[in-house]
Amino acid sequence: MRSIGFSTGALARGDFRGALAMMEGVQMDAVELSSLRVEELDALVDFGLSSDLSQFRYVSVHAPGKFAADEEHVVADKLRRLSARGWPIVLHPDAIHEHAVWRSFGAQLLIENMDKRKSVGRTATELTSVFELLPEAGLCFDIAHARQVDSSLTEAYRILRRHGDRVRQIHISDVSSASRHDRLSPSAVAAYQQIASMIPFDAPAILETPLLADLETELERAKVALGDTSSKLLVGQ
Amino acid sequence: MELADQDLVSILAARIGAAWPSIARARTRAAEVRERLAVSISDHTSEDTSLVVFGSLARKECTSGSDLDWVLLVDGAANAEHLEAALAIESHIQKVAPKGPGPEKTFGGLVFSHDLMHYIGGGDDTNQNMTQRMLLLLESTPVGRTEAYSRVMNNVLKRYVVEDFGWMHSRNPSNVPRFLHNDVVRYWRTIAVDFAYKRRTRAGQGWALRTAKLRMSRKLTYAAGLLRCYNCALEPSLQGLDRRDQSSAALPLVDFLASQIPITPLDLFARTFLTSDRLTQTAEPFFGAYNEFLGILDDEEKRSRLDSLQYDEIAVDPTYQRVRELGHSFQESLNAVFFSEQNHAEFFRLTKTYGVF
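Residues numbered from 1 in each chain as written. Chains lettered and ligands numbered in written order. Predicted model: local features only at pLDDT ≥ 70, side-chain atom pairs only at ≥ 80, totals over all residues.

Examining the overall build of chain A
- Of regular secondary structure, chain A possesses 11 helices and 10 strands.
- Compactness check: chain A gives a C-alpha radius of gyration of 17 Å against a globular reference of 18 Å for 237 residues, within 12% of the reference.
- Along the first, second and third principal axes, the C-alpha atoms of chain A reach 55 × 40 × 30 Å.
- A buried classification covers 49% of the 237 residues belonging to chain A.
- Within chain A, contacts between residues at least 6 apart in sequence are counted, and of these 72% link residues at least 24 apart. (Helix = DSSP H or I, 4+ residues; strand = E, 2+ residues; numbered from the N terminus. Rg over C-alpha atoms; globule rule 2.2 N^0.38 Å. Buried ≥ 20, exposed ≤ 12 C-beta atoms within 10 Å, placed from the backbone. Contact = placed C-beta atoms within 7 Å.)

Structure below.
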């Protein structure tokens, strides 16, 4: 069974405590702790090191999406403390200034494929260039980014064909043409089903949908999108 | 190196000890024009817009008299600034190639992805829309940002595959995408019909030059379209695809078709000649005829003569007569590729199966 849960950043931006409170009572066994801004990182590290998150089978940490070159070592050192708990670190490839800083994370580093606004990490070919510099890193396959880059999903197919063995986590949501995350629409669900069979079944799924609907329904939609036939939405039909 | 980045014509020429200088010159000129365009125009393209060029520039067959057909392809939210970008591009292009798009106004301006993707067949698929879509698939290349171009291309190809009932239901053992193939054939027939239309509406003006292009470059584009479809039957990675999961079965074929788009028609044929020993003997007459045709187009005097020739002059005009002979020679070479069981049994079988009915 695939672990599934939410990103704290999607639910409550920098308020990860508030986001975790929203998740209470919801059937989910994965969480991604997000510090999308550098300023949030210290609080997240303190929280991560002191909190009991044993209710989750899978925990990952999303690194800040942007930091200055002279902050890179400090950011990496802080994230390394969370990585030491066995939590993978999800990193945007366009945030990297010096790949050597991140190489020591080894397989604990997950590179996320990017949306169309970015200039790196969007396509299978661009990801190949990143993985040449970070050979042990895994892939956080953001299915919505891949669909935004190419709505035919041909590029998603190429990414999974070429880098599918690196996929260790999934991001799932819908993404608008303005690159804003949105809840899963029926067309997004139908589209994702086209490539669901190519996604490793044991890769945990993290929803990045904003809090516009109840979490349970959104989780079930994500399960359907990823080909889980046991979803309550299908069973109830 | 990607197949599309290789000069397969030069590789073939070296293999068989031939020289096709007019083709080489046209390729050099095309590379120069593309470079100049990229420098001046890249800033006007974006993640949602691509400058797409067609015709001789896309085929890498630029001669001294080549025109420049282009569109600014939009795949994203509507934006009033798109028109300003198109006007700026037009201004730059006029400096690079004074001879712009033809009087039908099929090119030169904004084109929107929704029309290309949604109107395949039916009353909304106008002559202009079909021409833009088919040339996008058969002879186009982006200059500057490529994202919108690639996205639209993949989506159009996916429509042809997903809505190909026979292919999606494994009732097409040859793997040829029949819906796409039919549209390629329809486009060729439309060109031929429009040829007669233009002869009438333009009172014969430019008829001889259009005849030469119909017999050579336009036929090459069409024949390369057939190759793109028939190559699906030869591609090992497409054999034995599991089509029970219909939602995902289309993507490998879309990916393969998309991978062939950047390969020019001449390079597609060069690859065929390089990989089929029995066709090697056809390479010289095929490329020899085409090389001479490009040489005539590159000769300003001869091109101008063809452009102004009247009906009653053609019987005694040496340039026209030579182009006519080249057309016949080129056609014989195509016959040797598609209609000879001895030369290529699979192409022969596919042409018989799909070519007419």
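Having seen it, we continue.
Some thoughts on the overall build of chain B
- On a plain count of helices and strands, chain B comes out with 16 helices and four strands.
- For a compact globule of 357 residues, the expected C-alpha radius of gyration is about 21 Å, and chain B comes in at 20 Å, within 12% of that figure.
- Taken over the C-alpha atoms alone, chain B extends approximately 60 × 60 × 40 Å along its principal axes.
- Long-range pairs, those at least 24 residues apart, make up 72% of the contacts in chain B with a sequence separation of at least 6.

With respect to the pairing of strand 1 (residues 49–54) of chain B
Residue and element names in this part refer to chain B.
- Of all six residues that make up strand 1, six are buried, and the element is covered over most of its length.
- The alternating pattern of strand 1 places Thr-49, Leu-51 and Val-53 and Ser-50, Val-52 and Phe-54 on opposite faces, both of which are buried.
- When strand 1 meets strand 2 (residues 70–74), the two strands line up antiparallel, connected through five bridges. Bridge pairing links Thr-49 to Val-74 in strand 2.
- Bridge count between strand 1 and strand 4 (residues 140–143): four bridges; the pairing is antiparallel. Bridge pairing in strand 4 places Val-53 opposite Thr-141. (Pairing = 2+ DSSP bridges.)

Thoughts on the interface of chain B and chain A
- Opposite the 16 residues of chain B that make contact, chain A presents 14 residues.
- Put simply, the parts of the chain that give the side of chain B that touches chain A at least two residues each are helix 7 (147–162) and helix 11 (246–260) of chain B.

Digging into the packing of helix 1 (residues 8–16) of chain B against helix 12 (residues 265–275) of chain B
All names here are of chain B.
- It is the contact of helix 1 with helix 12, at a shortest axis distance of 8 Å, that shows an interaxial angle of 35°. For the pair helix 1 and helix 12, the sense of crossing is left-handed. On helix 12, the residues that touch Leu-8, Val-9, Ile-11, Leu-12 and Arg-15 of helix 1 are Leu-266, Asp-267, Ala-270, Arg-271, Phe-273 and Leu-274.
- Residue classes in the contact of helix 1 with helix 12 are distributed as eight nonpolar, no polar and three charged. (Axes fitted to C-alpha atoms, helices over the stretch in contact; angles between N-to-C directions. Left-handed = near helix turned anticlockwise from the far one by under 90°. Nonpolar A, V, L, I, M, F, W, Y, C, P; charged D, E, K, R; others polar.)

As for the sheet that holds strand 4 of chain B
Residue and element names in this part refer to chain B.
- Taking strand neighbours across the sheet as the criterion, the four strands line up as 3-2-1-4 in an open arrangement whose pairing is mixed. For this open sheet the edge positions go to strand 3 (110–112) and strand 4, each flanked by a neighbour on one side alone. The sheet shows a mean angle of 40° between the axes of neighbouring strands, direction not considered.
- The strands that helix 4 (residues 81–96) touches are strand 1, strand 2 and strand 3; relative to strand 2, the one it contacts most, it runs at about 155°.

Side note on the sheet that holds strand 1 (residues 4–7) of chain A
All names here are of chain A.
- A barrel is described by the order of its strands in space; here eight strands give the closed sequence 1-2-3-4-5-6-7-10, paired in parallel fashion. The mean angle between the axes of side-by-side strands here comes to 30°, regardless of whether they run parallel or antiparallel.
- Across two bridges, strand 3 (residues 58–62) lies against strand 4 (residues 89–91) in parallel orientation. Its bridge partner lying in strand 4, His-62 is registered against Val-90.

Considering helix 15 (residues 318–338) of chain B
All names here are of chain B.
- The terminal C-alpha atoms of helix 15 lie 30 Å apart, and with 21 residues this matches the ideal 30 Å at 1.5 Å per residue to within 8%.
- Taken together, the buried positions of helix 15 are Tyr-320, Val-323, Leu-326, Phe-330, Ser-333, Ala-336 and Val-337.
- The elements touched by buried residues of helix 15 are helix 10 (207–234), helix 12, helix 13 (280–298), helix 14 (300–308) and helix 16 (345–354). (Expected span 1.5 Å × (residues − 1).)

Considering the packing of helix 6 (residues 124–133) of chain A against helix 8 (residues 154–163) of chain A
All names here are of chain A.
- Contact geometry of helix 6 with helix 8 gives a least axis separation of 9 Å together with a crossing angle of 35°. Residues Ala-124, Leu-127, Thr-128 and Phe-131 of helix 6 touch helix 8, and the partners they reach there are Glu-155, Arg-158, Ile-159, Arg-162 and His-163.
- The class makeup of the residues in the contact of helix 6 with helix 8 is four nonpolar, two polar and three charged.

Section: the environment of Ala-43 of chain A
All names here are of chain A.
- Structurally, Ala-43 can be placed in helix 3 (residues 41–50).
- With 14 C-beta atoms counted inside 10 Å, the residue Ala-43 sits in the partly exposed group.
- In the structure, Ala-43 is positioned 39 residues away from Leu-82 in sequence and 12 Å away in space, judged by C-alpha atoms.

Regarding the pairing of strand 3 of chain A
All names here are of chain A.
- With respect to burial, strand 3 is a largely interior element, five of its five residues being buried.
- With burial as the criterion, each face of strand 3 is covered, one bearing Tyr-58, Ser-60 and His-62 and the other bearing Val-59 and Val-61.
- Here strand 2 (residues 30–34) pairs with strand 3 via five bridges, running parallel. Its bridge partner lying in strand 3, Ser-34 is registered against His-62.
- Following the backbone out of strand 2, through helix 3 and into the adjacent parallel strand 3, one traces a crossover that is right-handed. (Right-handed = clockwise from strand over helix to strand, strands pointing away.)

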